[in-house]
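Observations on chain architecture
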Amino acid sequence: MMEADVVVVGAGAAGIAAGVTLAEAGKQVIMLEKGDKFGGAGMFGAQGLFAVESSQQRAAGVQYSLKQAYQELVSYTHYRSNLNLTKAILKESASTIDWLDERGLKTELVNNTQEVHQQHPKVYHQYIDKFAAFDRLIHRFKDHGGQLLLKTAGTKIIQKDGNIVGVQVHQDKHDFVIDCSAVVVADGGFIGNPDLVKEYLAINPDNLYSMGERKATGDGIKMLAELGADTRHMGVFENHAASVISPQNHKWHNGTIFSLTNLPFLWVDSAGNRFVDESVCYDFALWGNATYTAGGYYYIILDQQFVDYISAQSLDWTDSFERTFKSLDHQVMTHKVGPFPQIDADLEEAIQKEAGWRAESLQDLAQQLHVSELDFENTIKQYNEHVDKKEDPDFYKSSDYLRFSIRKGPFYALKARSTSLGTIGGIETNAKMEALKVNKQPIKGAYVAGNDASGMYDTSYPTLEGISCAFAWNSGRLAGKSVIKYLGK
Ligand SMILES: Cc1cc2nc3c(=O)[nH]c(=O)nc-3n(C[C@H](O)[C@H](O)[C@H](O)COP(=O)(O)OP(=O)(O)OC[C@H]3O[C@@H](n4cnc5c(N)ncnc54)[C@H](O)[C@@H]3O)c2cc1C
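On a predicted model such as this, the values are computed, not experimentally measured, just so you know.

**Observations regarding the overall build of the chain**
Scanning the chain from N- to C-terminus turns up 16 helices and 19 strands. Over its C-alpha trace the chain gives a radius of gyration of 24 Å, about what one expects of a compact globule, namely 23 Å for 489 residues. In terms of principal-axis extent, the alpha carbons of the chain reach across some 75 × 50 × 40 Å. Counting only residues that meet the buried cut, the chain has 53% of its 489 residues in that class.

**Some thoughts on the site of the ligand**
Taken together, the neighbourhood of the ligand is formed by 40 residues, with Gly12, Gly40, Gly45, Gly188 and Gly450 sitting nearest. Those elements that provide at least two residues to the shell around the ligand are helix H1 (13-24), helix H2 (40-44), strand E4 (48-50), strand E8 (152-160), strand E17 (411-423) and helix H16 (467-488). The dominant element in the shell around the ligand, judged by the number of residues it contributes, is H16, at 5 residues. Taken together, the residues of the shell around the ligand sort by class into 17 nonpolar, 17 polar and 6 charged.

**What to know about the packing of H1 against helix H6 (residues 130-143)**
Relative orientation of the contacting elements H1 and H6 amounts to 35°, with a least axis distance of 8 Å. Handedness of the crossing formed by H1 with H6: left-handed. Between H1, through Ile16, Gly19, Val20 and Ala23, and H6, the contact on the second element is made entirely by Leu137, Ile138, Arg140 and Phe141. Looking at the contact of H1 with H6 residue by residue, the class counts come to 6 nonpolar, 1 polar and 1 charged.

**Looking at the sheet that holds strand E3 (residues 29-32)**
The strand order across the open sheet built from 6 strands is E7-E3-E2-E11-E19-E18, with neighbouring strands paired in mixed fashion. The outermost strands of the open sheet, each flanked by one partner alone, are strand E7 (147-149) and strand E18 (434-436). Between one strand and the next, the sheet's axes are offset by a mean angle of 30°, whatever the strand orientation. The pairing of strand E2 (residues 6-9) with strand E11 (residues 182-185) spans 4 bridges and is classified as parallel. Note on E11: the bridge partner recorded for Val8 is Val184.

**A look at the domain arrangement of the chain**
Size of an interface, as often reported, equals the accessible area lost when the parts are brought together. In terms of domain boundaries, the chain breaks down into domain 1 (2-236 + 424-488) and domain 2 (239-419). Between the C-alpha centres of domain 1 and domain 2 the distance comes to 35 Å. Taken together, the 18 residues of domain 1 in the interface contact 22 residues of domain 2. Classifying every residue of the side of domain 1 that touches domain 2 by side-chain character gives 8 nonpolar, 9 polar and 1 charged.

**A word on unusual backbone geometry**
In this structure, Pro339 follows Gly338 across a cis peptide bond, with omega equal to 0°. Each neighbour pair has its own omega, and for Gly409 with Pro410 the value is -5°, a cis peptide bond. Topologically, Pro410 is positioned in the loop between helix H15 (373-389) and E17. Although it is not a glycine, Lys151 sits at a positive phi angle of roughly 50°.

**Description of H15**
Compared with an ideal rise of 1.5 Å per residue, which puts 17 residues at 24 Å, H15 spans 24 Å between its outermost C-alpha atoms and is within 8% of the ideal. Those residues of H15 not exposed but buried are Phe376, Thr379, Ile380, Tyr383 and Val387. Down the axis, H15 shows its buried residues gathered within 95° of arc, on one side only. Opposite the packed face of H15, turned more than 90 degrees from it, sit the exposed residues Leu374, Lys381, Asp388 and Lys389. Those residues of H15 that are buried are in contact with strand E14 (266-268) and helix H14 (362-369). Taken from the residues just after H15, Lys390 is the one with a positive phi, measuring 55°.

**Points about the nonpolar core**
For soluble globular proteins, the rule of thumb is that nonpolar side chains tend to be buried together. Counting 150 residues, the largest nonpolar core has Val6, Val7, Val183, Val184, Leu224, Leu414 and Tyr447 as the members making the most contacts within it. Ranked by residues supplied to this core, first place goes to H16 with 10 residues. Taken domain by domain, the makeup of this core includes at least three residues from each of domain 1 (2-236 + 424-488) and domain 2 (239-419).

The rules we used
Residues numbered from 1 in each chain as written. Predicted model: local features only at pLDDT ≥ 70, side-chain atom pairs only at ≥ 80, totals over all residues. Helix = DSSP H or I, 4+ residues; strand = E, 2+ residues; numbered from the N terminus. Rg over C-alpha atoms; globule rule 2.2 N^0.38 Å. Buried ≥ 20, exposed ≤ 12 C-beta atoms within 10 Å, placed from the backbone. Near = placed C-beta within 6 Å. Nonpolar A, V, L, I, M, F, W, Y, C, P; charged D, E, K, R; others polar. Axes fitted to C-alpha atoms, helices over the stretch in contact; angles between N-to-C directions. Left-handed = near helix turned anticlockwise from the far one by under 90°. Contact = placed C-beta atoms within 7 Å. Pairing = 2+ DSSP bridges. Domains from an automatic or database assignment. Expected span 1.5 Å × (residues − 1). Arc of directions from axis to C-beta. Core = buried A, V, L, I, M, F, W, Y, C linked by C-beta atoms within 7 Å.

Written as structure tokens, this is what we have:
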């Protein structure tokens, strides 16, 4: 029989933060990880986390206060978020940077990674040597007596007379129960579960390209829901930019097509209409939100004149991901794209991969895209007029980006789809990270953290850089501290 004071379900950033906090306090902790590796999205995907008033920000003279961060975040959510939780997370964020640093996950305060955030005070603390750093955290956990069970999934929380008494787990075709008095559920939400995505995210899963944790299939949310937890706000996910993908092979990548996706050309929705100032691509969250609102996908429209141009010359626009890849790596930004001498072959490859289309006429392209020919032709005509006049009365795109009209065939379309880093709506919680019922009463002994927890966001994830990782680490630490108090009673 296995027993512990507390079982942590999931060994991503949130679970590790909770586990280390608890083990250091002398609690007996068993951390479950469904996969054969720990770390989750915070390790394989993320590059860094948000903090406010950190020691690094103070040393760098960054003028950005807890009050400013709080006000920025709650105005983004229109106060339709849990304000106590928001405040608690932001307040914890500075100490978490030092806490991680002391335990071997060092970070470096860098310029914000998105083009339109360059005037915003620096908030992004980039991981240094993250894979080794996550290893060090797990060693720390084990050095303090913590047990990590890999390839072991939590499947059910067992409650008796209103108290948590165990967690049922599945390991290597066997099911058994770990006796415990408290549980922290931190298994990453449900982006890896297409049925739940379809049910809660109001998007056809075919139009949603997930870069998130595939093993996050909603187990923890289901386990807490069985105890009566409030799941009414599950329908929130991290919309992050948009991607041109091949339905044949999601791993397909073509550098030219990737760059073309990250630039403000003409975009039309599934009805053939323009829907946004395309320079929204310089803010990943807003770009993602506009794509989602357009129905989950749109088409990037190009003509042969542009293709000829970019095959021979560079364009003085910034690839919206250039900063992420170059400046985080301390390379100099070029603020240029192209030339792409192979663009004909690149477009042909996209067409073969069912991610692109080519047509001799606009009518033919409209037919291939199944959009209204009339609407599509009107959209092009109107856009061309905007380019000629260098003015966009529809969506106010800057004249810098009104450069390429669509006049010379053949014409091309690339399909960009909603892209997600994970779900961020789950179980209602409070500033102690207790799992709450609909009446806001806590489920005794049950805590929730990271992508399993609701409350920090309204309808979408905000543009503050690194906020989701910050939420994972900080909510995990807060959950750990709350469990220590709970067990101390
Ligand atoms: C590509 C990518 C880039 C990103 N970049 C950033 C960034 O730069 N900054 C930022 O702030 N955020 C970023 N994010 C988001 C951020 O990484 C996540 O929001 C955060 O890491 C979530 O942490 P978590 O611990 O809640 O969940 P996860 O990291 O998903 O961890 C959950 C863990 O639980 C395990 N698990 C699942 N089910 C069970 C079960 N039943 N039993 C036991 N274990 C289970 C999973 O295998 C996983 O290891 C990025 C995400 C991705 C995908």
